[in-house]
Amino acid sequence: MKYYNLKDHLEKINFREATVKGQGKGKGLFFPENIPQFDKEFIQNLHQYSNEEIAYKCLKDFVGDEIPSEILKEIVAETVDFEIPLVKISEQISILELFHGPTLAFKDIGARFMSRCLSYFLKGQHKKVTVLVATSGDTGGAVAHGFYKIPQINVVILYPKSRVSPVQEKQLTALGENISALEVNGSFDDCQNLVKQAFSDEEINNQLFLTSANSINVARWLPQQIYYLIALKQWFQHHKEEPVICVPSGNFGNICAGLLTHFRGLPASHFIAACNANQVVPDYFKTQKYQPQKAVATLSNAMDVGDPSNFVRILELFGHQFDDLKDKISSYSIDDDKTMNMITEVYEKYGYILEPHSAVAFAAMAQYLKENPGQKGYILGTAHPVKFPDAVEKAIHTQIEIPDSLNELMKKEKKTVEINSDFEELRRFLLHKI
Ligand SMILES: *Cc1c(COP(=O)(O)O)cnc(C)c1O
């Protein structure tokens, strides 16, 4: 399998190069040259396959010969070695709980797969790579955990001081070893700007071989397909009709992976992109004009994105045909008030605790089903409620239970280096401290 740069179709590389490089020339995203189809037999008999087998079959065509099949099997087994249950909330709406991994976030799946692929590709080379990421909270923990103690890889995470939740902060800062956490006196946008400056600094790049670990990287984006199959396996045990699938969306990597599986033959009657007040994509569906905006802060902060990086991949999948896109996807913007009300309502009616991101998805799904009665579907539960305790406890007027694994984590010591939002400080750290 080859991948081409969406900004320069002549730049074509394989999975290995795309994983190590992250982005192509002109910051273009890589996209698979063809869309391998699932066997009908496989889709109809998903219940006969283990999650590991599903993951392997899902990804092997994308990896090609770049990783031997025995090793790829080990990598995918580690990627999906936790529960991914599909849980019924109401008669019409179920939730795929993607938050039972090590950092209680769906990003664990992509981060684990990517870290292990990168590590395999670096073996035998005398090269160390530095993964540099800015996080508003959830990405950092999953990346830190996914890359923890992986040889030849250092991770540097920038996060805005006092703006991530206590659990998120511990997940970033308690590991140590090859993980450095930089506490920035500034906002998430400041962190992101610092990271961007580092990526365009020649000396830093030459010395550290910087790479990113967000869903721009194919090795983090593609494994997100796996759980749409794992969901379907469970869905068809209780339903005959195809599901509506609703994804809480920020950078649109997650929903784009779902759409990719649909183009490969995964049954789904419709997709919903659920957004918070950051409504570039809902506006696009109304006006057919894509207009990036400055991100606004919301309760579902992992979705505070004003220019979703993966949207170009979705356009490519649909061959830039607006009508086809509109037929298959609906998009809604849900504000913070509605989000809070949804958490309260779902808890009171069904006894289920949503966190802000999945509440945005639940509200969007409810709205779609109201406009299109008679259908059923599932939302993607992208984080555990304990990661957003302030909003959740306020909405349900009850304390939430902390899982044992977190109690252990909360006892650990926080290790950070504090820096100002000043590129020279970051530069000094990168060139002299790691
Ligand atoms: C990252 C994240 C999202 C958004 O996923 P994208 O792939 O960026 O659209 C949604 N919910 C949570 C909890 C996240 O961490």
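- Per an unreviewed UniProt entry, the protein is named Threonine synthase, and its organism is Chryseobacterium rhizoplanae.
- Turning to the protein, the UniProt annotation filed under Cofactor (unreviewed entry) states: "pyridoxal 5'-phosphate".
- Turning to the protein, the UniProt record has this under Sequence similarities (unreviewed entry): "Belongs to the threonine synthase family."

### Focus: helix α7 (residues 166-173)
Stage number 1. With seven of eight residues buried, α7 is to be regarded as a mostly interior element.
Stage number 2. Three or more residues of α7 are buried, namely Val167, Gln168, Glu169, Lys170, Gln171, Leu172 and Thr173.
Stage number 3. The elements touched by buried residues of α7 are α6 (138-147), β7 (153-160), β8 (179-185) and α19 (404-411).

### Observations regarding empty space enclosed by the protein
Here the idea is plain: a probe the size of a water molecule rolls over the atoms and shows the empty space left.
Stage number 1. All told, the structure shown has one cavity of 30 Å³ or more when counted by the stated rule.
Stage number 2. When its volume is computed, the largest cavity comes out at roughly 40 Å³.
Stage number 3. Along the lines of polarity and charge, the residues of the lining of the largest cavity split into seven nonpolar, three polar and no charged.

### Some points on helix α18 (residues 389-396)
Stage number 1. Taken as a whole, α18 has its buried residues at Pro389, Ala391, Val392, Ala395 and Ile396. Around the axis of α18, the buried residues are gathered within 165° of arc, so they sit on the same side. Facing away from the buried side of α18 by over 90 degrees, the exposed positions are Asp390 and Lys394.
Stage number 2. As for α18, its buried residues are in contact with α16 (336-350) and α17 (356-371).

### Considerations on the site of the ligand
Stage number 1. The full set close to the ligand counts 15 residues, and Lys107, Gly250, Asn251, Phe252 and Thr382 are the nearest of them.
Stage number 2. A distance of 3.3 Å separates an oxygen atom of the ligand from a polar atom in the side chain of Asp138.
Stage number 3. The separation between an oxygen atom of the ligand and a polar main-chain atom of Asn254 is 2.9 Å.
Stage number 4. For the ligand, the accessible surface in isolation is 380 Å², of which the surrounding protein chains cover 97%.

### Thoughts on the pairing of strand β6 (residues 129-134)
Stage number 1. Of all six residues in β6, six are buried, a share of seventy percent or more.
Stage number 2. Residues Val129, Val131 and Val133 line one face of β6 and the alternating positions Thr130, Leu132 and Ala134 line the opposite face, and both faces are buried.
Stage number 3. When β6 meets strand β9 (residues 210-211), the two strands line up parallel, connected through two bridges. The partner of Thr130 across the bridge, within β9, is Leu210.

### A look at the packing of α6 against α7
Stage number 1. In the contact formed by α6 and α7, the axes pass within 8 Å of each other and the chain directions differ by 30°. As α6 runs across α7, the sense of the crossing is left-handed. Residues Asp138, Gly140, Gly141 and Ala144 of α6 touch α7, and the partners they reach there are Gln168, Gln171 and Leu172.
Stage number 2. In terms of residue class, the contact of α6 with α7 is built from two nonpolar, four polar and one charged.

Calculation notes
- Residues numbered from 1 in each chain as written.
- Predicted model: local features only at pLDDT ≥ 70, side-chain atom pairs only at ≥ 80, totals over all residues.
- Heavy atoms only, no water.
- UniProt positions renumbered as here; feature names shortened; annotations may be inferred.
- Buried < 20%, exposed > 50% of the residue type's maximum accessible area, 1.4 Å probe, protein only.
- Helix = DSSP H or I, 4+ residues; strand = E, 2+ residues; numbered from the N terminus.
- Contact = heavy atoms within 4.5 Å.
- 1 Å grid on protein atoms, 1.4 Å probe; cavity = no way out; pocket = protein on both sides within 12 Å on 5 of 7 lines; lining within 4 Å.
- Points joined across faces, edges and corners; volume = space filled by probe spheres on them.
- Nonpolar A, V, L, I, M, F, W, Y, C, P; charged D, E, K, R; others polar.
- Arc of directions from axis to C-beta.
- Near = heavy atom within 4 Å.
- Polar contact = N/O pair within 3.5 Å; in protein donor to acceptor, adjacent residues only side chain to side chain.
- Areas by Shrake-Rupley, 256 points an atom, 1.4 Å probe, with all protein chains shown as cover.
- Pairing = 2+ DSSP bridges.
- Axes fitted to C-alpha atoms, helices over the stretch in contact; angles between N-to-C directions.
- Left-handed = near helix turned anticlockwise from the far one by under 90°.

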